[in-house]
Amino acid sequence: MQDTLQGRRPPAGNANEFPDTRRVGDDTELLSPATQVMGDEAAYLGQSHAEIGQRVSDAQLELFVVCQPAEAMQQQFAQRASDFLVLHDIGAAASLRLLTAVAAAASRKVQKLVIRRQGYGVALATLQFVELPLAPGRNLRIYTTQIDGDMQSRHQLAQVLMAHSRLAVVMLGELPPHALGSSLQPLRDAIAKGPWPNRQMLLVPLAPAATLPAQAATLAGHSGVMVRTTPQVGRPADAWSFISGAWNRISQNADEGTTPRPAAPAPAYPVGTAPAARAGQTVNAPPPATAAATTQPLELSPMPSTAHHAALPQTSSSVALWSDYVRRCAAIKGVTQCCVFDIDLQRSLAHVGTPRITERLAAKGAMLHAVMADTANVLGLGSASPDAVVTLSQHMLLLRPMPHNPRIALHLVIERAYGNIVQIRQQLQQIDQELLTGAR
């Protein structure tokens, strides 16, 4: 037989009958197509490893799961360390409108992630998001917690998204004071139970909320989450300047030397619970980050600007002025930390002391200022900017507005054993007269 297992010789006179083979000795070899071995299914389908779900169109992805949607998303976030931002509503339905406005401003589509049951294809939940370009090959995904699904899935997915985001934005509708506390309680409980890798939260009131600063001060408990509040915004789109400002502040802190840490492994316990939490302890997981997922500035020029109290212009002269001021204040006997900050933006203008607590001094000082101002207003004691001293076991906190600029405040940490509050106030008045008053 002339036919062999190694190859089939073409019949004489019909060499063109097999155009895609060639003779190699007594064997034949395929010219094309050659077999290519792919690393995995994602590479075969041309999908990014950082993308959650399988892309089925330019505006939709699907994720097939064998567990609950929230548990599946938690596993995805643990495997893919990525930066994302989430918009959450309490007493409002504004996050989707804001997401749509952001997408329109950036000329991007609002996309969907459909979570389906493996083997059945039944849709369990649908998440909506938009991706904004930060750098070549890198996008920032912004989710909304207005999720299509049953009540339990919506609640659990919102908790997972907020817990694993780099920045969680909570938009608060019009709520009476007693309802505001009860509405924030589930979020407070979720942070306390953990796991809660996220360390940044921004509260955006869409209506008057006089007690919000007091609620925000207790929201994080001892978890280490930095909770900030913004002034009231008139409409959801107006919140963008505060949100982008908070993101850029996180970016700036990362650029100043924050060391990225690897993503934590997927927990082996159900969503919203942890062994330590069941034992009455608090679990504080580190924020997931990698060197490839460094936070980058977020800018959207088409978004409308937000009206708020004007901050002191940060010119080179003003920077030098505040730097000189805090150095003089820090030289006072007993002072260990000194921070001058913008009350409305909760942003430090100058600081002397431990660098890692600079922003915390500004944020907590603004909260303390708001609580005291609200207390004075409720008791009918006037609307003057508070000037106060808080006495602790070993320290004192001094909070006072700056002369000629009541929206700028000074926050001091003083060792109680060495500091005399009367003398400190006198020295501060002298510094004010010599430096600030003279500069104006």
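The sections below set out a description of the structure shown in this document.

Examining the overall build of the protein chain
Within the protein chain one finds 11 helices and 16 strands. By residue count, 45% of the 440 residues in the protein chain fall in the buried class. Residue pairs at least 24 apart in sequence account for 67% of intrachain contacts in the protein chain once pairs closer than 6 positions are excluded. Of the accessible surface of the protein chain, which amounts to about 22400 Å², a share of 53% is contributed by carbon and sulfur atoms.

Side note on the sheet that holds strand S4 (residues 60-65)
Sheet architecture is open: nine strands sit in the order S3-S4-S6-S7-S8-S5-S9-S10-S11, paired in mixed fashion. Each end of this open sheet is capped by a strand with a single partner; those strands are strand S3 (54-57) and strand S11 (226-229). Going across the sheet, the axis of each strand differs from the next one's by a mean of 25°, ignoring polarity. Pairing analysis gives three bridges linking S3 to S4, with the strands arranged antiparallel.

Digging into the environment of lysine 109
With respect to the helices, strands and loops of the structure, lysine 109 is situated in the loop between helix H3 (95-105) and strand S6 (111-117). Given a relative accessible area of 48%, lysine 109 falls into the partly exposed group. Separated by 51 residues in the primary sequence, lysine 109 and aspartate 58 place their C-alpha atoms 8.7 Å from one another. Looking at lysine 109, its side chain comes within polar contact range of the side chain of aspartate 58, at 2.5 Å.

A closer look at the sheet that holds strand S12 (residues 335-342)
Within a sheet, adjacent strands bond to each other through the backbone by hydrogen bonds, running parallel or antiparallel. One open sheet holds the five strands; their spatial order is S13-S12-S16-S15-S14, and the pairing between them is antiparallel. Two strands lie at the open edges of the sheet, namely strand S13 (347-352) and strand S14 (388-391), each paired on one side alone. On average, each strand axis in the sheet is inclined to that of its neighbour by 15°, with strand direction left out of account. As paired strands, S12 and S13 are joined by five bridges and run antiparallel to one another. Counterpart to cysteine 339 in the pairing with S13 is histidine 351.

Some thoughts on the pattern of salt bridges
Taken as a whole and assessed by the stated rule, the structure comprises nine salt bridges. For the salt bridge of arginine 166 with aspartate 83, the shortest nitrogen-to-oxygen distance reads 3.1 Å. Here arginine 166 is found in the loop between helix H4 (151-164) and strand S9 (167-172), whereas its partner aspartate 83 is found in the loop between helix H2 (69-79) and strand S5 (84-90), with 83 residues between them in sequence. Residue arginine 166 shares its accessibility class with aspartate 83, and that shared class is buried. For arginine 228, the salt bridge goes to glutamate 359, with nearest N and O atoms at 3.6 Å. With arginine 228 in strand S11 and glutamate 359 in helix H10 (residues 358-378), the pair connects residues that are 131 residues apart, well separated along the chain. One salt-bridge network, in which partners are shared between bridges, spans Asp324, Arg328 and Glu434.

Reading guide: rules and limits
Residues numbered from 1 in each chain as written. Predicted model: local features only at pLDDT ≥ 70, side-chain atom pairs only at ≥ 80, totals over all residues. Heavy atoms only, no water. Helix = DSSP H or I, 4+ residues; strand = E, 2+ residues; numbered from the N terminus. Buried < 20%, exposed > 50% of the residue type's maximum accessible area, 1.4 Å probe, protein only. Contact = heavy atoms within 4.5 Å. Areas by Shrake-Rupley, 256 points an atom, 1.4 Å probe, with all protein chains shown as cover. Pairing = 2+ DSSP bridges. Axes fitted to C-alpha atoms, helices over the stretch in contact; angles between N-to-C directions. Polar contact = N/O pair within 3.5 Å; in protein donor to acceptor, adjacent residues only side chain to side chain. Salt bridge = Lys/Arg side-chain N within 4 Å of Asp/Glu carboxyl O.

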